[in-house]
Amino acid sequence: MSEPFTLRVFVPSGDPEGTRIIEKMNWTGRGYYVPRSDWPNIRKRDELSGPGIYVLLGHEQDEIGNEVPVAYIGQTDSIAVRIDQHDKGKDFWEYAMFFVSTNGGLNRAHITWLEWELMAQAVRAKRGRLENGLSHSEPTLSESEKVDVRSFLNEMLRLMPVMGVHFFEPAKAILRPIQLPSLPTDKGLAEVIVVPAQPEGFERAYIGSNAWWAVRIAAKHRNNLRWIAAYQVSPIAAVTHIAEIDRIEPFGDEGKFKILFKGPAAKLERPIPYGNAPPGAMQGLRYCSKATFDDAKTVTDLVR
């Protein structure tokens, strides 16, 4: 069971969307979460002239047009100098997160190991793309040093979610009830999510990967969903396929999810056309019961 803890969060600019400096009692580290636009105001702080571990965070579009997280992990003898270099040389990042020791306890060997371990955790977590790959073996530390540095790392990882960063957390599937909570005739429970799909995303993800990702799913529906249907946009303009959901996992850092199918999607014998549904009716997600879906004649029946 996790133990409660207290943090001290300092906002030097007074803007809650600006830089946050985070400390924890009885920890010899300090964490920083800095918007790129605020870096010129933070870079001259004395403590940033020393060594530390840092993560650059941003987003990019994947092959089907969805935003996915990107991170670059590094270590340096001077946070200020290295972030200055990345501010000039790397375009993708929107935020920088870095950690320093408040008592000078981190040396080059320590931060090199922290860099390696963070990369390894990012690779295992699969929450986004790592800009710099894990290409070297684990750095050597004595047994006692590794215990100390891992303790420092554990505190870093504990602080990251407070900063809104989940890049290093393995995705955990949403738990589902053992028994289905509704009967097939129940039209009041959202068991089907209908997603609008562009041609490339439909072929590469929905059909090619048996999955759909970067989806924001309403919290009240997550544990009820059993099916995912695809509405293909114009010129097809119809719901054409449906797949049974295997599991739903967190995707990235922005409260989005990835839906994985139990198998290939089935093509509907009778597609559900847009019909006379109001304009924009399928610009976003739609939810309905399986009974409603099976009875639908047009999209209007799905969006009431």
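A quick note: this is a predicted structure, and the numbers were derived from the prediction, not measured. (Residues numbered from 1 in each chain as written. Predicted model: local features only at pLDDT ≥ 70, side-chain atom pairs only at ≥ 80, totals over all residues. Heavy atoms only, no water.)

Here we look at unusual backbone geometry
Note on backbone geometry: most residues besides glycine have negative phi, and most peptide bonds are trans.
(1) Moving on: The peptide bond linking Ser234 to Pro235 adopts the cis configuration, its omega dihedral lying at 15°.
(2) Moving on: Relative to the helices and strands, Pro235 resides in the loop between strand S10 (227-232) and strand S11 (238-251).
(3) Moving on: At Asn210, a residue that is not glycine, the phi angle is positive and equals roughly 50°.
(4) Moving on: Mapped onto the fold, Asn210 is located in the loop between helix H5 (199-207) and strand S9 (211-215).
(5) Moving on: Positive phi, close to 60°, is recorded for Ala214, a residue that is not glycine. (Helix = DSSP H or I, 4+ residues; strand = E, 2+ residues; numbered from the N terminus.)

Observations concerning the sheet that holds strand S3 (residues 29-35)
(1) Moving on: Spatially, seven strands are ordered S1-S2-S3-S6-S4-S5-S7 in an open sheet, and the strand pairing comes out mixed. Two strands lie at the open edges of the sheet, namely strand S1 (7-10) and strand S7 (129-130), each paired on one side alone.
(2) Moving on: As paired strands, strand S5 (residues 67-76) and S7 are joined by two bridges and run parallel to one another. By the bridge assignment, Ala71 is partnered in S7 with Leu130. (Pairing = 2+ DSSP bridges.)

Some words on the packing of helix H3 (residues 108-125) against helix H4 (residues 143-159)
(1) Moving on: The interhelical angle for the contact between H3 and H4, taken along N-to-C directions, is 55°, at an axis separation of 10 Å. In terms of orientation, H3 and H4 fall into the oblique class. For the element pair H3 and H4, the recorded crossing hand is right-handed. Of the residues in H4, those touching H3 at His110, Trp113, Leu114, Glu117, Leu118 and Gln121 are Glu145, Lys146, Val149, Arg150, Phe152, Leu153, Met156 and Leu157.
(2) Moving on: A per-class count over the contact of H3 with H4 returns eight nonpolar, two polar and four charged. (Axes fitted to C-alpha atoms, helices over the stretch in contact; angles between N-to-C directions. Parallel < 35°, antiparallel > 145°, perpendicular 65-115°, else oblique. Left-handed = near helix turned anticlockwise from the far one by under 90°. Contact = heavy atoms within 4.5 Å. Nonpolar A, V, L, I, M, F, W, Y, C, P; charged D, E, K, R; others polar.)

A closer look at the pattern of salt bridges
(1) Moving on: By the definition in use, this model includes 16 salt bridges.
(2) Moving on: The salt bridge partner of Arg247 is Glu249, with a shortest N-O separation of 2.9 Å.
(3) Moving on: For Glu249, a relative accessible area of 17% corresponds to the buried category.
(4) Moving on: The closest approach of N and O atoms between Lys290 and Asp294, which form a salt bridge, is 3.0 Å. With a gap of four residues between them, Lys290 and Asp294 both fall in helix H6 (residues 290-295), about one helical turn apart.
(5) Moving on: In this structure Asp294 comes out as partly exposed when scored by relative accessible area, which is 41%.
(6) Moving on: Here the salt bridges do not stand alone but share partners, grouping Arg8, Glu23 and Arg30 into one network. (Salt bridge = Lys/Arg side-chain N within 4 Å of Asp/Glu carboxyl O. Buried < 20%, exposed > 50% of the residue type's maximum accessible area, 1.4 Å probe, protein only.)

A look at the side chain of Glu155
(1) Moving on: Secondary-structure assignment places Glu155 in helix H4.
(2) Moving on: Accessibility expressed as a relative area gives 14% for Glu155, which makes it buried.
(3) Moving on: Once residues lying within four places of it in the same chain are set aside, the contact partners of Glu155 are Lys24 and Trp27.

Some points on helix H2 (residues 79-89)
(1) Moving on: All of the buried residues along H2 are Ile79, Ala80, Ile83, Asp84 and His86. One side of H2 carries all its buried residues, which in axial view fall inside an arc of 165°. Counted as exposed and oriented over 90 degrees from the buried face of H2: Lys88 and Gly89.
(2) Moving on: Packed against the buried residues of H2 are helix H1 (39-42), strand S4 (52-61), S5 and strand S6 (93-101). (Arc of directions from axis to C-beta.)

Comments concerning the confidence of the model for the chain
(1) Moving on: Overall, the prediction assigns the chain a mean pLDDT of 89, with 93% of residues at 70 or greater.
(2) Moving on: Per-element averaging of pLDDT across the chain places S7 at the bottom with 90 and S3 at the top with 97.
(3) Moving on: The model gives residues 177-185 a pLDDT under 50, and that stretch makes 10 contacts with residues more than four places away or in other chains. (pLDDT = per-residue confidence, 0-100.)

Quick notes on the environment of Gln61
(1) Moving on: Within the secondary structure, Gln61 sits in strand S4.
(2) Moving on: Taking relative accessible area as the criterion, Gln61 reaches 60% and is therefore assigned exposed.

So, H5
(1) Moving on: Residues of H5 that are buried include every one of Gly201, Phe202, Ala205 and Tyr206, and no others. All buried residues of H5 fall inside an arc of 110° around its axis, so they share one side.
(2) Moving on: Taken together, the buried residues of H5 touch strand S8 (192-197), S9, S10, S11 and strand S12 (256-261).

Some thoughts on the nonpolar core
(1) Moving on: Ranked by internal contacts, the top residues of the largest apolar core, which has 30 residues, are Met97, Phe99, Leu114, Leu118, Met156 and Phe168.
(2) Moving on: Going through the elements one at a time, S4, S5, S6, H3 and H4 are the ones with two or more residues in this core.
(3) Moving on: Among the elements that line this core, the one with the most residues is H3, at seven residues.
(4) Moving on: The residues contacting Leu114, other than those within four sequence positions of it, are Ile53, Leu106, Val149, Phe152, Leu153 and Met156.
(5) Moving on: Core analysis: the second largest hydrophobic core is formed by 25 residues, Tyr206, Ala214, Ile217 and Ile228 among them. (Core = buried A, V, L, I, M, F, W, Y, C linked by side-chain atoms within 4.5 Å.)

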